[in-house]
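Remarks on the overall topology
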2 protein chains.
Amino acid sequence: MDTVAGSSLIYLFRWLVLSALVGGLAGSASAFFLVTLDMVTLYRESHRWIIAFLPLGGFLVGAIYHYWGQDVVKGNNQLIEEWQNPRKIIPFRMAPFVLLTTLLTHLFGGSAGREGTAVQMGGAIADQFTRLFHLSDSDRKTLLVTGMSAGFASVFGTPLAGTLFALEVFILGRLRYEALIPSLLAAVLADQTCRLWGVGHTHYDIPFVPALTVLILLKVLLISIGFGLVSTLFAELTHFWSKQAKRWITYSPLRPVVGGAIIAVAVYFSGTTRYIGLGVPTIVASFHEPSAWYDWILKTLSTTFTLGVGFKGGEVTPLFFVGATLGNALAPLADLPLSLLAGMGFVAVFAGASNTPLASTVMGIELFGSEASVYLALACFIAYLFSGNSGIYGSQIVGSPKQ
Amino acid sequence: MDTVAGSSLIYLFRWLVLSALVGGLAGSASAFFLVTLDMVTLYRESHRWIIAFLPLGGFLVGAIYHYWGQDVVKGNNQLIEEWQNPRKIIPFRMAPFVLLTTLLTHLFGGSAGREGTAVQMGGAIADQFTRLFHLSDSDRKTLLVTGMSAGFASVFGTPLAGTLFALEVFILGRLRYEALIPSLLAAVLADQTCRLWGVGHTHYDIPFVPALTVLILLKVLLISIGFGLVSTLFAELTHFWSKQAKRWITYSPLRPVVGGAIIAVAVYFSGTTRYIGLGVPTIVASFHEPSAWYDWILKTLSTTFTLGVGFKGGEVTPLFFVGATLGNALAPLADLPLSLLAGMGFVAVFAGASNTPLASTVMGIELFGSEASVYLALACFIAYLFSGNSGIYGSQIVGSPKQ
């Protein structure tokens, strides 16, 4: 027992130090990102003419990656591939590039998220310590986990979801415990760091959770199948737009230019900025008032198109938007509370698209409280089952089949 | 997409039916068990002279397994081994035998728990459907998961913890998703069934959770190391008493007779029944008033001795007792809230002894609410790290090393 306790102590101390470094830096990066993202969003909403320059923003994003960022352009998938098959240290450039291009995307009115940005900043920051401390391949894998966990945890203010996301995302259908404690420490420290910078997170509320009955269970299963199918639609559409853009436009910086022009025209004629940017106000509203039935369709189109043509950001907040407004729209049909279905959709469409059902369930519990936990788990697990083996992270390998 | 959705539908429907059967039966069995357990506990507490007959109760328990239960005596470990290496259907006898012997253990004043009983009833009930529906080996593994999940979920009223427990318990350091959805469905349905029978569960409360600081984090880590070491002590002591009993007494029904006599004498001279039975009143009290500093030591001794000499029941509720009273005793030293440390110890000593850190964390969230989730996760994960590779389930195989 003594030697086990001794080596556990050394292990704990070592990862406490590394997680504090990674968590402190990644949490600070997330805080800076959240503050600047708020600024560009506010600027865009009060100077809407800037959306006319979305093609220019697209050119900047495209050119940055085309000329200087070929080795960091694969983003989240690159982190996943390095974990699966370590080859070379993630260039630090990944962090400032994704930060800058995400801000450009949001400033000029693309529709995107933020988890990709935070996770890539966290992963790129973490991996720099591999060289500094001469870490082995297996320690480096753990380090990559801490970076992604720290980024995810701090950008959403959900430390346990960050912990599990970084353990779940690499292999579909498996959760390995090798990095369990480092992942938790980095997530907690990153989240605390981000909060120390005074950066808060959006609050959502599910005020009433009905008792489960057989009828409600059957409704929940049916609706959750819908969430899963929409996850697949989202992932497939992103791949589709990306393939089309590559097929028709060979010079890559031109793709977001053309794509940006199309989005700008669509925004101009629709007269609304509801479907660009993060969409947080619409997500919040979906918890207490009816959304339009087509909200989830338009957000799916705008985000998959934005990302498919080469803008940067992430998929997760738009997935929350799609799920929450879809759940909201289904609530009257199912005769179930609006906020409960919005919350279920919020996490379930994300669970299906990212293939991380446990992280998604726990995220729901962290954001909405534990009263709805069974509903959240049912929604996430069933959406995971019905989203098939494709997802937003193409580099995931299948560890266990879903059925 | 269509064929994936189609086969997912068939899978879901199939496991909905099987999980409803397993959940309904295992949940009813848990309800019956909880009610009768309450009755025998009440009877013992109002007729304490019955403890003088603990040696007789010991003989009955020992004789039942010696003469008619050799093929079901390994209990939880037997379920784990059948899952790892399927050989023969679990005899249905396992269910009534463990029910009856657990009630005898509690009626005459042994110190034991209830999760072993519920999990074995669930597992044995579930496995009967293997023959009925001619299931394949891989479906049978899933079925065993549903039985254990259903038993655990319904006996504690914690469906998500039951879901994860049955996925986590077989292989140390891995969580496989093959049975994710069946496990959840069985857990939810068993829990609902148990509640439909009007059987409630104990409530615990952590009214105040302090904001995390670096100092508090370091205290929490130190205390959680203590929880982990106590888990190991509990598991090692159970093995120790069992080895001693087997070494000195070859006729197995005699072991609980001698052991029972020793416990009865100890209870008589100590003049308290605080350390026998489940100990739920002491656990509840540890959330709002100081426990004695030695409570956890005496409960560890009484339970490991009771189970080591051959009485039946489970380890989990006594582990809650040990952890909650230990946390409670450490609270003034650490200058942290009593109820928070009681709650952390409650789940963490269980996490360390059972090697199921995620199920334990989620159990804490289900019982105490999500506000303390980071504290609960830190306690459970660190206790898991420091409990080494031994645990109360000797048949677990190591999938991933802890460090």
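Predicted, not measured: the structure shown is a model, and the values here were computed from it.

1. Considerations on the relation of the copies chain B and chain A
Overlaying chain B with chain A gives an RMSD of 0.0 Å, the required rotation being 180 degrees about an axis along which the chain moves by 0.0 Å. Such a combination of rotation and displacement between the chain copies is what one expects of a two-fold axis. For chain B, the smallest separation between a C-alpha atom and the rotation axis is recorded for Leu175 of chain B, amounting to 2.5 Å. Interface overlap between copies is the fraction of interface residues in one copy that are interface residues in the other; for chain B against chain A it reaches 100%, indicating a shared surface.

2. Considerations on the domain arrangement of chain A
Residues and elements named next belong to chain A. Parsing chain A into structural domains produces domain 1 (2-196) and domain 2 (214-398). Each of domain 1 and domain 2 has a C-alpha centre, and the two are 21 Å apart. Contact with domain 1, which involves 50 residues of that partner, is made by 50 residues of domain 2. Sorting the residues of domain 1 by area buried against domain 2 places Ser111, Glu168 and Leu172 first, and these three jointly supply 18% of that buried surface. Seen at the junction of domain 1 and domain 2, the total is zero salt bridges. Put simply, domain 1 and domain 2 have 28 residue pairs in polar contact (both at pLDDT 80 or more) between them.

3. A few points about the interface of chain B and chain A
Opposite the 53 residues of chain B that make contact, chain A presents 53 residues. Contact with chain A buries area across many residues of chain B, yet Tyr177, Phe381 and Gln403 of chain B alone supply 14% of it, more than any other trio. The interface formed by chain B and chain A holds zero salt bridges in total. Our count for the chain B to chain A interface comes out at seven residue pairs in polar contact (both at pLDDT 80 or more). Of all the secondary structure elements, the ones that give two or more residues to the side of chain B that touches chain A are α1 (2-46), α7 (159-168), β2 (174-176), α8 (180-196), α9 (214-248), α15 (357-368) and α16 (373-386) of chain B.

4. What about helix α2 (residues 54-68) of chain B?
Residues and elements named next belong to chain B. Here α2 spans 21 Å end to end across 15 residues, near enough to the 21 Å set by a 1.5 Å rise per residue. Of all the positions in α2, only Leu54, Pro55, Gly57, Gly58, Val61, Gly62, Ala63, Ile64 and Tyr65 are classed as buried. Those residues of α2 that are buried are in contact with α4 (94-107) and α10 (254-270).

5. Thoughts on a nonpolar patch on the surface
Residue and element names in this part refer to chain A. Where nonpolar side chains cluster on the molecular surface, the patch consists of Tyr43, Trp49, Phe53, Leu56, Phe59, Leu60, Tyr67, Trp68, Tyr251, Leu254, Val258 and Ile262 and spans about 1200 Å² of accessible area. Counting residues per element, the nonpolar patch draws most heavily on helix α2 (residues 54-68), at five residues. Examined against the element boundaries, Ile262 turns out to sit in helix α10 (residues 254-270). When its relative accessible area of 47% is taken as the criterion, Ile262 is described as partly exposed.

6. Structural notes on unusual backbone geometry
At Asp335 of chain A, a residue that is not glycine, the phi angle is positive and equals roughly 55 degrees. When you line up the elements, Asp335 of chain A lands in the loop between α13 (316-334) and α14 (338-354).

About the cut-offs
- Residues numbered from 1 in each chain as written.
- Chains lettered and ligands numbered in written order.
- Predicted model: local features only at pLDDT ≥ 70, side-chain atom pairs only at ≥ 80, totals over all residues.
- Heavy atoms only, no water.
- Least-squares fit on C-alpha atoms with pLDDT ≥ 70 in both.
- Contact = heavy atoms within 4.5 Å.
- Domains from an automatic or database assignment.
- Buried area = accessible area lost by both parts, 1.4 Å probe.
- Salt bridge = Lys/Arg side-chain N within 4 Å of Asp/Glu carboxyl O.
- Polar contact = N/O pair within 3.5 Å; in protein donor to acceptor, adjacent residues only side chain to side chain.
- Helix = DSSP H or I, 4+ residues; strand = E, 2+ residues; numbered from the N terminus.
- Expected span 1.5 Å × (residues − 1).
- Buried < 20%, exposed > 50% of the residue type's maximum accessible area, 1.4 Å probe, protein only.
- Patch = residues over 30% accessible without salt bridge, like charges linked within 9 Å, V, L, I, M, F, W, Y side chains within 5 Å.
- Areas by Shrake-Rupley, 256 points an atom, 1.4 Å probe, with all protein chains shown as cover.

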